[in-house]
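Examination of the molecular architecture
If you want the building blocks of each chain, they are given just below.
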Amino acid sequence: MKEQINEIRKAAISQINSCNKTNELINLKVKYLGKKGKLSLLLKQMGSISPDERKSVGQLANKVRNELEQNLEQKMAEIKLIEQENKMKSEKIDVTLPGQKFQIGNIHPLSKVMKEINDIFMGMGFSIAQGPEIETDYYNFEALNIPKDHPARDTQDTFYINDNILLRTQTSPVQIRVMEKQKPPIRIISPGRVYRSDSVDATHSPVFHQIEGLVVDKNITMADLKGTLELFVKKLYGENSNVKFRPHHFPFTEPSAEMDVMCFSCKGKGCSLCKGEGWIEILGCGMVHPKVLKECNIDPEIYSGFAFGLGLERIVMRRYNIDDLRLFFENDMRFLSQF
Amino acid sequence: MNLSVKWLKDYVNINNLSIKELTDGLTMSGSKVEGFKSENDKIQKIVVGKIKSIEEHPDADKLVICSVDVGQNEPLQIVTGANNVKENALVPVCLSGATLPNGTKIKSGKLRGVLSQGMMCSLSELGLSKNDFPYAIEDGIFLLEEECEIGQDICEAIGLNDTIIEFEITSNRPDCLSVVGLARETAATFNLPFNPPTPKVRGCDGDINDSFKVDIKTPLCSRYMAKMVKNVKIKPSPRWIRERLRASGIRPINNIVDITNFVMLEYGHPMHAFDASNISGNNIVIRNANNGESITTLDKAEHDLTDKMIMVCDSEKPIAVAGVMGGEYSGVNENTKDIIFESACFDGASVRKTAKALNIRTDSSIRFEKGLNPLCCENTINRACELIELLEIGEVVGGTIDIQNFNHSKQTITLDAEWINNFIGINLSAGDMIKILQALGFEVKNNEIIVPPHRIDIQHKADIAEEIARIYGYNKIPISTIKGKADGALTETQKFKQLVDDSLIALGCSEICTYSFMSPKEYNKIELPLDCELRNSIKIQNPLGEDTSTMRTTTFPSILNILSKNYNNRNEKAWLYEIGKVYLPSPENSLPSEIDKITIGIYGNCDFYTIKGIIESLLNQLNVYGAEFVESQGMPFHNYRCSEIMIDGKVLGKFGEVHPKVAENYKIGIKTYIAELDFSTIFNLKSKSNTYCGVPKFPASVRDLSLVCDESILSGQIEKIIKSNIGKILEKIEVFDVYRGEQIANNQKSISYKLTMRDKARTLTDEEIDKAIEKTINSLEKINVKLRLKS
């Protein structure tokens, strides 16, 4: 009987080894180890052998069963692996074919940079204030210490609706509107459209955008102005940016300054981008003129403040190397889709 | 303002400064330098030579051969065609390898077979004119009458060696439109001694007041000073005056005119010289012009005058436009014998208006319109008379006419060092501040600052703070951060706008930026009816052209123009949006309403339901629910493909396909869809509640209904009936098919709906759903909507 068991073992192992399909392997399991399998059938004849032999035959039979089961299991794992591999192989694709297209729109470059600037100032505690684009002469000029026939009006060619109403030439009137309504502390920026009667060319447009800033509180100093604007520039242009403040004149700030940032392209040596100067003018700023505070019923003996204004288009043009302002307003998809 | 460095050096010693240090320093103290150039920076290897001999050219009648001593061992042989050369004349000689100011290089070469080792120059070849050297001729070699040495650099020899600095002077500093003003700034900036001119006039016998009279008949002339010079010798000015004028960009004319210009440049206060014999009645009257009067100015232009303009007149007629330009008739010419010098002060605004009205801007008007102080008249007129005496070109008659029409009190400001330190963020002693102020010409007595007359811009202690800060150095001011608390956050409206932007971009639309004004013709292009109130728009009084003449009342023309540009640039597809304003007129003298609109415009790979889908998705993102779409009409929309969007009776906006006529007007050859939505209406309809309502615990039941009805029945009507019949348990209703064709009668359509029903608290039974559906079908049949299939 032991011989018979060994024969079954030998035959089973050889068949298992040569099998390469899962269903065949299952059949082999039934054939040898099933209830009606060869091994079971043989063991049913155990009664016919001597009790002495029975023990050792039984041990052998169990050993063979375990061995075959192990072999089957191992083989099964091998075959599955091969079958999975084959299935995947049949599923091979061309990864270089294009992905599914999702249409997403683009934000206008002016908005994109404006949002970036808004975010920088909001991080410094500024809120965003808005004012009308069609303004009175009072808010656009008079209250900003620019009386009628002031020469500063010459440089701001104004579109008039009538003698008293005009298209604002700067975002500065928002300063006045905010100070009229809100008591200090004030910390706002005001981005928006402004208008000047400049004919359209590569660097001029009758409509463009400014971002105005205003801080009013007790003990605001020119050092605060410098610190705030320098921080702004470092956030906009990078930690290594250098700035300098040059005295200038605006009727509504005193002292007034223009802030230059060191040319990003030549690092101050002078190149075509900065017209050889090494520095690029970024914004105008200054301490709010006490007359302007007074006009808004804020006591200049108690409060002080600073204000600044920057032109958005020029910053965006330099950011993206755009050489023609008209592109912003032509809105060609081939332009828009790049932002 | 162009500044001659030579002239600057007359009043402040800057020999220890390089031009770079000088210009950088001045820019940083507030006098912005735009650039600088040397008069001789291009000229190379041109020297003084002396013509030793002149011989005829063997092969050319019109050429001569000169032997020219240029201070080298051997004289040069130079061939020239000029016919004014003389033996022993001193001439400018280009050596071989020389460069002329226009960049031309001169090399030795042969002229008609004879070697020419250089070139003798004319005035114009040196970049000069007869105004610079009146004794020279224009078409010939420049025969030098200067004191110079053979071999000397020509620029040294003729004084063509100045450096000119170009300044951009801000409008508050007319005092810096002068050499003295910039010298004072230079001295203060670099802490150097300032030596201004101190004019002294000897004068002669007689008194101008005996023979001459001035009357001021307008409050707009605050001072008029006049002095008389007799027996003037009109001739060219000496070289040092001509050089300084040339460097400042002013053409030398004759000694008297040059003196008035010289003094204006020096002090920044304009002056004028009249030929006394042409002043009728020996009387100068400052008055408004009479309407109908006219004057021919020095530039020979005739101007009609109005009574708003201030004129300098004689007893009969205007002889100068006050502060702007003199008249031709009373001007100084070569025959002039006696002159009247004027140094006056006219109102800036008035000069500005007059200059603008007459369309003349002069060095004089530019200075007056910024505001000048009458106290500065005196130095100016005295300096002019001093120059007359210095040049010995006339007799200054004694006495001065000085009509004053102004308050002499000087501006004083208390020095508040603590306030200034706190304002700027520095810590300077009062003593240091006083030093800065004194350097700038301020006097300080017992803490009272007396503002010098030339500083009309200084009125407040903040102005004093600026003076101190800029001379101390803006870049030496420390930097600090703002103290105090502030909360930087977007308002609800700003957040909402941000969400609109983000949503529309996610939906595939790109943002555009368009002009706020447009041509009124656009209303015709969008075919607005003539009586449409949107045609009533705000007009710009002084537009650049028709295109910028009208503030838009609708954004449709803006988006249609951009769509058209894209279409005609052959962009296959453009999905665009803009959040922009329209401007609606308000009653007179109140500001117009500025209303934010969300404008969408799309063409390419889309239809009506695409733009509707964009709007629905947008509203959904914005938490705006319950929108109804109501059939609508009106330009610029397709008569049968247009809808209004409504919630609770409020109109959110309108959208649809562009009317073919409008599309044609804009040259768009593809189906295009546009929408204009009202931002604030939508914002106000935003759902306030925004709470979580639980993931459903009980299963939903889904039923499909295919219905048949006449084409005239709208899906919206059917949906309303379904909703009202099924009630609260109806979670969702979706159209999944619209079918026309076989099996469906003509003029009928089949619409298939998928209904999702659910109860929050329990599982719905089939019976109750069947009952609800049954009820719905019965209601639908009443309007002739029949069941086709149900599952």
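Our structure is the block above this text.
Not measured: the values here are computed from a predicted model.

**Examining the overall build of chain B**
Across its full length, chain B carries 21 helices and 39 strands. Relative to the 2.2 N^0.38 estimate, which gives 28 Å for 791 residues, the radius of gyration of chain B is 42 Å and therefore markedly larger than a compact globule would have. Expressed as lengths along the three principal axes of its C-alpha atoms, the size of chain B is roughly 130 × 80 × 60 Å. Counting all 791 residues of chain B, 42% fall into the buried class.

**Here we look at the packing of helix 5 (residues 109-123) of chain A against helix 10 (residues 312-320) of chain A**
Residues and elements named next belong to chain A. For the pair helix 5 and helix 10, interaxial distance at closest approach is 10 Å and the crossing angle is 100°. When the axis of helix 5 is compared with that of helix 10, the two are roughly perpendicular. Note on element contacts: helix 10 touches helix 5 through L312, E313, I315, V316, R319 and Y320, opposite P109, L110, V113 and M114.

**With respect to helix 13 (residues 461-472) of chain B**
Given 3.6 residues per helical turn, the α-helix brings residues three or four places apart onto the same face. All names here are of chain B. The end-to-end C-alpha distance of helix 13 is 16 Å, a good match for the 16 Å that 12 residues give at a rise of 1.5 Å each. Listing the buried residues of helix 13 in full gives A462, D463, I464, A465, E466, E467, I468, A469, R470 and I471. Phi turns positive, to about 115°, at G473, one or two residues after helix 13.

**A short note on the packing of helix 6 (residues 239-248) of chain B against helix 7 (residues 255-267) of chain B**
All names here are of chain B. Contact geometry of helix 6 with helix 7 gives a least axis separation of 10 Å together with a crossing angle of 60°. In terms of orientation, helix 6 lies oblique with respect to helix 7. Pair helix 6 / helix 7 crosses with left-handed handedness. Listed contacts from helix 7 to I241, R244, L245 and S248 of helix 6 are D258, N261, F262 and L265. Among the residues making up the contact of helix 6 with helix 7, the classes are represented as 4 nonpolar, 2 polar and 2 charged.

**Quick notes on unusual backbone geometry**
For the bond running from P184 of chain A to P185 of chain A, omega is 5°, close enough to zero to count as cis. Within the secondary structure, P185 of chain A is located in the loop between helix 7 (173-181) and strand 4 (186-195). Located in the positive-phi region is N447 of chain B, a residue other than glycine, with phi close to 70°. By the secondary structure assignment, N447 of chain B is in the loop between strand 25 (443-445) and strand 26 (448-450). Classification of N447 of chain B as exposed rests on a count of 11 C-beta atoms within 10 Å. Although it is not a glycine, E527 of chain B adopts a positive phi angle of roughly 60°. Examined against the element boundaries, E527 of chain B turns out to sit in the loop between helix 15 (521-525) and strand 29 (550-551). The class of E527 of chain B is partly exposed, set by 15 C-beta atoms lying within 10 Å.

**Observations concerning the sheet that holds strand 33 (residues 637-647) of chain B**
Residue and element names in this part refer to chain B. With respect to topology, 7 strands assemble into an open sheet ordered 27-30-31-35-34-33-32, the strand pairing being mixed. Pairing within the sheet leaves two strands with one partner each, and these edge strands are strand 27 (510-511) and strand 32 (628-631). The pairing of strand 33 with strand 34 (residues 650-658) spans 7 bridges and is antiparallel. Looking at the pairing, I645 lines up with G653 of strand 34. This element, helix 17 (residues 608-621), spans strand 31 (593-603), strand 33, strand 34 and strand 35 (672-678) of the sheet and lies at about 25° to strand 35.

Conventions and cut-offs
For every chain, the first residue of the written sequence is number 1, and numbering continues from 1 onward in sequence order. Written order decides the labels, with chains lettered from A and ligands numbered from 1. A pLDDT threshold of at least 70 governs which residues receive local features in this predicted model, and a stricter bar of 80 or more applies before side-chain atom pairs are shown or counted, although totals over entire chains, interfaces and linings include all residues. Segments assigned H or I by DSSP are reported as helices when at least four residues long, segments assigned E as strands when at least two residues long, and all are numbered from the N terminus. C-alpha atoms define the radius of gyration, and 2.2 Å times the number of residues to the power 0.38 defines the globule rule. Exposure criterion: with C-beta atoms placed from backbone coordinates, a residue whose C-beta has 20 or more other C-beta atoms within 10 Å is buried, one with 12 or fewer is exposed, and one in between is partly exposed. Axis definition: a line fit to C-alpha positions, over the contact stretch in the case of helices; interaxial angles, taken between N-to-C directions, run 0 to 180 degrees. Oblique is the label for every angle not falling under 35 degrees (roughly parallel), over 145 degrees (roughly antiparallel), or within 65 to 115 degrees (roughly perpendicular). We call two residues in contact whenever the C-beta atoms placed from their backbones are within 7 Å. The length a helix should cover is 1.5 Å for every residue beyond the first. Left-handed describes a crossing in which the near helix is turned anticlockwise from the far one by less than a right angle; the clockwise case is right-handed. In the scheme used here, Gly and all other residues not listed as nonpolar or charged are polar, with Ala, Val, Leu, Ile, Met, Phe, Trp, Tyr, Cys and Pro taken as nonpolar and Asp, Glu, Lys and Arg as charged. Strands are labelled as partners when DSSP assigns at least two bridges between them.

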